[in-house]
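Survey of secondary and tertiary structure
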Amino acid sequence: MAHHTIKDVYGPGTFTDVTYTPLPAECQRLLRYFGELSPGFTKDASAVANVDFHGADRPVIPGPLKSQAFSAVLHAMIGIVGKEICALKDIDTGKISIDVDKSGLYPASVALVSIQGKDLVQIQKDGTLTGPGTDLDRGVINKNPMRYRTWAIYPTKDPRVWYQVLGNFDPPGFLKAYSLDVNANVSSRDEAYDTIKEEMTKHSAAELELKNMVHGFCGQTCYTPDEWRNTTMGQRLHAHPMVNYTQVQGTSHLAPVPFPALSDERPLAGIKVVELARVIAGPAMGAALSALGADVIKIQSPNLPDLQPLSVTLTAGKRTCALDLNNASDKEKVKALIENADVVIQAFRLRSLERKGFGLSDVVDMANKRGKGVVYVDLNCYGPDGYYAERPGFQQIADAATGCSYVCGKAYGFDEGVSVLPSLPIADMLSGAVGVIDTLLALRDRAVHGGSYHAHVALAAIDAAQLEEEVGLYPPEVVKEVQERCKFAPMTPDLHVEELLSVVAEAWAQNTDLLQRPGYMVKFTETAWGKDHEILSPIVQYENESASPYWSHGPVPYCASTSESWTEQ
């Protein structure tokens, strides 16, 4: 049955549903659609039809994007491939169950945490997050308002074209490039925004683009969906499937690697994963793999900043290790871990690890020497090739590039071109889910066919998929109904993703029962931060509870050790 849409309701290149389909049924439709598009995914119609999507008819995430349905669909795909892997081990998972309401909470996972009854805002203020491994961010963004507002969307010389600036983890350097003082005498984030805005509006978007590239910063014109699709970079990325993995050429001689036979019935029990990633997308992927049973070791440089509050959610089930790839001794430790790993996740700029000796070819060579294939996952902003592929980027950059920010601005009633970030780190968290699908498919194929595999996950690909005609956007009346029901505070171009997360979480807490529902949160009796540490529990549920994802332990601080080795099982 054709999916009917109306063009350009939210600007050029947008497709809005003619009629509303309740969430569970819409998830089934989209699962069939993305299942057919994804290389290596099951073609068994009954496996898709038997997924039990259940929950309310209406979404709980603000805006026109179908991010909640997309979240539920990606988790259903994880469940289906996990079921296939379990079958290879003679384990029957039974039926797959996906709660569509809980799936809406998934993109907000990083903010859904409590320790001793205190939420994230409280534990950030009261000193709970102090101690070993908790100072990696060094206040690079939160130290003052000027730093904070280097992550925002600004008008340009053309008031109809807005631009996402992002000072990375070097706000002083970014501000200096624009002759702005990082320690300017401003009393609030609003005043800081106005100060930076005055400088940004002196430049066109093209001038800002060039200036940021010259100085090594990421930034992005807020395109309409139509503009993005007509860029060379957008077309290059569109040539690749969203779920994107292949067997590495020249590795077909490597024998199949059966999954370990263990008492743990989860799909990835006994699989060894090295995570080389910061911020959200890569760590979200690692956390999901650990819930599926993998032994995940997160490697971080103690000399590179990271966003510290993420440690209280996205390190669940992992081990964290402080190793500096610029140190010869530490490099040897990393090499020893990778030589015995099944999966390597790298979420730095594309090919940047080649200079350290841990690029794709380096890791595949290690796998060839040991005679056992490996899965190597590249995760970046713009995709595996094209003229922007090696440019640094964050979720906000992908949102601006693909048109997601533009569409949100339109949906919230702003003037032409005014862009607003999607309300949650959707591209980050859903990229993590896509990376899990890639990894499961590659490990399944390694077990059946042998070889090594290379997967690529692009934040912009996940955003662009949400704007496809076959996916569609929610009509204005649905956006309005969700807003009125949940009573979200205003969302504006200046807001950091951290602030938007607070807006959404606060509305859910005050105006819905979502955060009080039984089974939505998992509680760990005690972690390094205190007692009764709660985070959002895994989304995928199997009828056979022994095979369902769970974390073997709660979150752990960054850089908790300086040496790790694989656990023999």
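- As recorded in an unreviewed UniProt entry, the protein chain goes by the name Alpha methylacyl-CoA racemase, listed as coming from Purpureocillium lilacinum.
- Recorded under Sequence similarities (unreviewed entry), the UniProt text for the protein chain is reproduced unchanged: "Belongs to the CoA-transferase III family."

1. With respect to the packing of aromatic side chains
- Within this structure, the stated rule accounts for twelve aromatic pairs.
- Aromatic side chains tryptophan 151 and phenylalanine 169 sit 6.2 Å apart centroid to centroid with 70 degrees between the ring planes, which places their arrangement in the edge-to-face category. Here tryptophan 151, found in strand β7 (residues 151-155), pairs with phenylalanine 169, found in the loop between β8 (162-166) and α7 (171-177); they are 18 residues apart in sequence, far enough to count as distant.
- You can call tryptophan 151 buried: its relative accessible area is 4%.
- Among the aromatic side chains, those forming a connected cluster through ring pairs are Tyr33, Phe34 and Phe70.
- Over the ring of tyrosine 178 we find lysine 211; its NZ or CZ atom is 5.3 Å from the centre of that ring.

2. Thoughts on the pattern of salt bridges
- Applying the stated criterion across every chain yields a total of 30 salt bridges.
- Measuring nitrogen to oxygen at the nearest pair gives 2.8 Å for the salt bridge that ties arginine 29 to glutamate 26. Of this pair, arginine 29 and glutamate 26 are both found in helix α1 (residues 23-37), three residues apart, which corresponds to roughly one turn of the helix. Across the pair, glutamate 26 and arginine 29 agree in class, each one buried.
- Residue aspartate 295 is joined to arginine 319 by a salt bridge in which the shortest nitrogen-to-oxygen separation is 2.8 Å. One end of the pair, aspartate 295, is in strand β12 (residues 295-300); the other, arginine 319, is in strand β13 (residues 319-322), with 24 residues separating them in the sequence.
- By relative accessible area, aspartate 295 is classed as buried at 13%.
- It is possible to trace a salt-bridge network through shared partners that takes in Asp17, Glu26, Arg29, Lys66 and Glu470.

3. Thoughts on the sheet that holds strand β19 (residues 541-542)
- If you trace the three strands from one edge of the open sheet to the other, you get β3-β4-β19, paired in mixed fashion. Edge positions in the sheet fall to β3 (52-54) and β19, since each of these pairs with one other strand and no more.
- Note: strand β4 (residues 96-99) against β19, two bridges, orientation antiparallel. Paired with serine 97 across the two strands is glutamine 541, which belongs to β19.
- Across the sheet, helix α3 (residues 67-88) lies against β3, β4 and β19, angled at about 165 degrees from β4, the strand it touches most.

Cut-offs applied
- Residues numbered from 1 in each chain as written.
- Predicted model: local features only at pLDDT ≥ 70, side-chain atom pairs only at ≥ 80, totals over all residues.
- Heavy atoms only, no water.
- UniProt positions renumbered as here; feature names shortened; annotations may be inferred.
- Phe/Tyr/Trp six-rings, centres within 6.5 Å; stacked < 30°, edge-to-face > 60°.
- Helix = DSSP H or I, 4+ residues; strand = E, 2+ residues; numbered from the N terminus.
- Buried < 20%, exposed > 50% of the residue type's maximum accessible area, 1.4 Å probe, protein only.
- Lys NZ or Arg CZ within 6 Å of the ring centre and 35° of its normal.
- Salt bridge = Lys/Arg side-chain N within 4 Å of Asp/Glu carboxyl O.
- Pairing = 2+ DSSP bridges.
- Contact = heavy atoms within 4.5 Å.
- Axes fitted to C-alpha atoms, helices over the stretch in contact; angles between N-to-C directions.

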